[in-house]
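# Architecture at a glance
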Amino acid sequence: MKNELKKLWFKTKSKLSQLQGDDPLMIAPYLSYANENEIIIRGRVLENEGIVVKEEDGKWENFVNSLKRMESDEASNVKVTIEYDGTLYHCQTNEEGFFKITIPRGRINRPSEKIQWIEARLNLAHELSSQGKPISATVEITVLAQQTKYAILTDIDDTILESHVNSFLKLRLLYETFLKNVHTRLAFENVGSVLQKITQNEDKQQIHPIFYLSHSPWNLYELLLQFLNKNEIPKGPFFLRDFGYKRGREKFEYENHKALAIEHLMNFYSDLPFILIGDATQHDADVYADAFRKFPNRILKIIIRATEKSSKNKHVRDVIAANPTAPIYLIQHSDEILTLTKDIR
């Protein structure tokens, strides 16, 4: 019944949109990734909210845009067609509008000297725009380089982006999220140049992939992607969460989001070592230490950014003491990452 009502709702919105002259739905493609054999393509189909962010936007404009992101109307049971390497593949969105499909890597050209971004075309099979044209998008897929020796997996909030997760009642976190935009939110000092250096070779070509891990909702994906671009932080696939009521398997996946994402990437890139970067505000040290116990020969470094709260930093030191064989380091500044990774770059 719920799915039928959703279908009816989106059909009605589609008709209204045609009268109003705007597009009812849009495809939000998420940066995707490939190994030697397979490609995982991800995205979401939802209503086009028409969010436009300007550098001069004030708190009110930022608040309105934030509400639009959080209140996104997703489209369930929508057929998505993927065109890649001359072949068509099909999948369907789930109840929250997300889609994910694994396809053969196919006749992709050989690994190059640097990280490649290849493309696939996405279309909504049974939806048209108000102009009667197909609703489509292009998804980018990262492909490893010949020289790739490791990958980086980094947290976002309070690791590269100042978010103040530990603020009183999370008030500063809410302020940063709802009342600021990509132009006013701050990256930690030098974090962009540091991440560039550990992903590049001597010729400044990116040869090591980077992935971003966060408890933030997928509703903030576009903002986070713009944030990377503005701060010259290397581009890479995101692993975010879907907010909402969860139970059963969904609740387990929601609560163990970071650990499951790490395990997935370790299995997908079965021969690739990883550098894990996080912060002391949450439980990154615990999650990363657990990952080291599962994959002791695959975790090269675990680097944790210290926070203003001494109790949180003490907890990280306790984790370090409890895991003497794990390469866990507590740092104060982004530049320390370069020193710690010098022996493996």
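What you are looking at is a predicted structure, and each value in this text was computed from that prediction instead of being measured. By convention here, each chain's residues receive numbers from 1 onward along its written sequence. Residues qualify for local features only when their pLDDT is at least 70, as the model is predicted, and side-chain atom pairs are given and counted only at 80 or more; totals for whole chains, interfaces and linings, by contrast, use all residues. Water and hydrogen atoms play no part in the side-chain values, which are based on all heavy atoms of the structure.

## Points about the pairing of strand β6 (residues 116-128)
With four bridges joining them, strand β3 (residues 79-84) and β6 adopt antiparallel strand pairing. Looking at the pairing, Glu 83 lines up with Arg 121 of β6. If DSSP finds at least two bridges between two strands, the strands pair. Each helix is a run of H or I in the DSSP string that is no shorter than four residues. Each strand is a run of E no shorter than two, and both are numbered from the N terminus. Note: β6 against strand β7 (residues 134-143), nine bridges, orientation antiparallel. Paired with Trp 117 across the strands is Thr 142, a residue of β7.

## Quick look at the side chain of Arg 241
Mapped onto the elements, Arg 241 comes out in strand β10 (residues 238-241). Per-residue accessibility, obtained with a 1.4 Å probe over protein chains only, is compared with the maximum for each type, and a residue is labelled buried under 20%, exposed over 50%, and partly exposed between these values. All tallies of charge rest on Lys and Arg as positive and Asp and Glu as negative; His and the ends of each chain are not included. Any Lys or Arg side-chain nitrogen found within 4 Å of a carboxyl oxygen on Asp or Glu counts as a salt bridge. Buried charge without a partner: Arg 241 forms no salt bridge, and the closest opposite charge is Glu 255, 8.0 Å away. As used in this structure description, the phrase polar contact means that two N or O atoms lie within 3.5 Å; if the pair is within protein, one of them must be able to donate a hydrogen and the other to accept it, and residues adjacent in sequence are counted only when both atoms belong to side chains. Only 3.3 Å separates the side chain of Arg 241 from the backbone oxygen of His 215, close enough to count as a polar contact. In this analysis, two residues are considered to be in contact whenever any of their non-hydrogen atoms come within 4.5 Å of each other. Those residues in contact with Arg 241, other than ones at most four positions away along the chain, are Ser 214, His 215, Ser 216, Pro 217, Trp 218, Tyr 254 and His 257.

## Section: the sheet that holds β6
One open sheet holds the seven strands; their spatial order is β4-β3-β6-β7-β1-β2-β5, and the pairing between them is mixed. Of all strands in the sheet, those bounded by a partner on one side alone are β4 (87-92) and β5 (98-104). Across the sheet, the axes of successive neighbouring strands diverge by a mean angle of 25°, strand direction being ignored. Note on definitions: angles span 0 to 180 degrees between N-to-C directions of axes, and those axes are lines fitted to C-alpha atoms, for helices only across the stretch in contact. Packed onto the sheet, helix α7 (residues 257-268) meets β1 (25-34) and β2 (38-47) and runs at close to 55° relative to β1.

## Examining the nonpolar core
Within soluble globular proteins, side chains that are nonpolar tend to cluster in buried spots. The criterion is simple. A nonpolar core is a set of buried Ala, Val, Leu, Ile, Met, Phe, Trp, Tyr and Cys residues joined through side-chain atoms within 4.5 Å. In terms of nonpolar packing, the biggest core is built from 35 residues, with Ile 160 and Phe 238 touching the most fellow members. Examining the composition of this core, we find that five residues originate from one element, helix α5 (residues 221-230), more than from any other. With sequence-adjacent residues up to four places away left out, Phe 238 is seen in contact with Arg 42, Ile 156, Tyr 212, Trp 218, Tyr 221, Leu 224, Leu 225 and Leu 228. The next biggest cluster of nonpolar side chains, apart from the first, holds 31 residues, and it includes Ile 262, Leu 272, Ala 291 and Phe 295.

## Concerning α5
All of the buried residues along α5 are Tyr 221, Leu 223, Leu 224, Phe 227 and Leu 228. In an axial view of α5, the angular spread of the buried residues amounts to 165°, which keeps them on one side of the axis. Two residues or fewer past α5, Glu 232 is found with a positive phi of approximately 55°. Throughout, the arc means that of the directions going from the helix axis to the C-beta atoms.

## Examining the pattern of salt bridges
When the charged atoms of two side chains with opposite charge come close together, those side chains can pair. Evaluated as defined, the whole model comprises eight salt bridges. Ionic pairing is found between Glu 263 and Lys 294, a salt bridge with its closest N-O pair at 3.6 Å. You can see Glu 263 sitting in helix α7 and its partner Lys 294 sitting in helix α8 (residues 284-294), a full 31 residues away along the chain. Residue Lys 294 is classed as exposed on the basis of its relative accessible area of 55%. Salt bridges sharing partners connect three or more residues here, namely Asp 155, Lys 258 and Asp 284.

## Brief notes about the side chain of Arg 44
For Arg 44, the position within the fold is in strand β2. In this structure Arg 44 comes out as buried when scored by relative accessible area, which is 3%. Only 2.8 Å separates the side chain of Arg 44 from the backbone oxygen of Glu 96, close enough to count as a polar contact.

## Regarding the confidence of the model for the protein chain
The predicted structure's coordinates, where accompanied by low pLDDT, should not be read in detail. Mean pLDDT over the protein chain stands at 82; residues scoring 70 or higher make up 77%. Known as pLDDT, the predictor's per-residue confidence is scaled from 0 to 100. Here residues 1-23 scores under 50 on pLDDT; set against residues more than four positions off or in separate chains, the count is 29 contacts. Long-range and interchain partners of residues 56-70, a stretch whose pLDDT sits below 50, account for 30 contacts in this model, where long-range means more than four residues apart.

## Description of helix α4 (residues 191-199)
Each full turn of the α-helix corresponds to 3.6 residues, which orients residues three or four apart in the same direction. Listing the buried residues of α4 in full gives Val 191, Gly 192, Val 194, Leu 195, Ile 198 and Thr 199. Seen along its axis, α4 keeps its buried residues to an arc of 165°; they face one direction. Those residues of α4 that are buried lie in contact with β8 (151-155), β9 (210-217), β11 (274-279), β12 (299-305) and α10 (336-341).

## Some words on unusual backbone geometry
Most peptide bonds take the trans configuration, and most residues that are not glycine carry a negative phi. Phi is positive for Asp 85, close to 55°, though the residue is something other than glycine. Here Asp 85 shows up in the loop between β3 and β4.

## Regarding the environment of Leu 25
By the secondary structure assignment, Leu 25 is in strand β1. For the pair formed by Leu 25 and Val 45, sequence separation is 20 residues and the distance between their alpha carbons is 6.8 Å.

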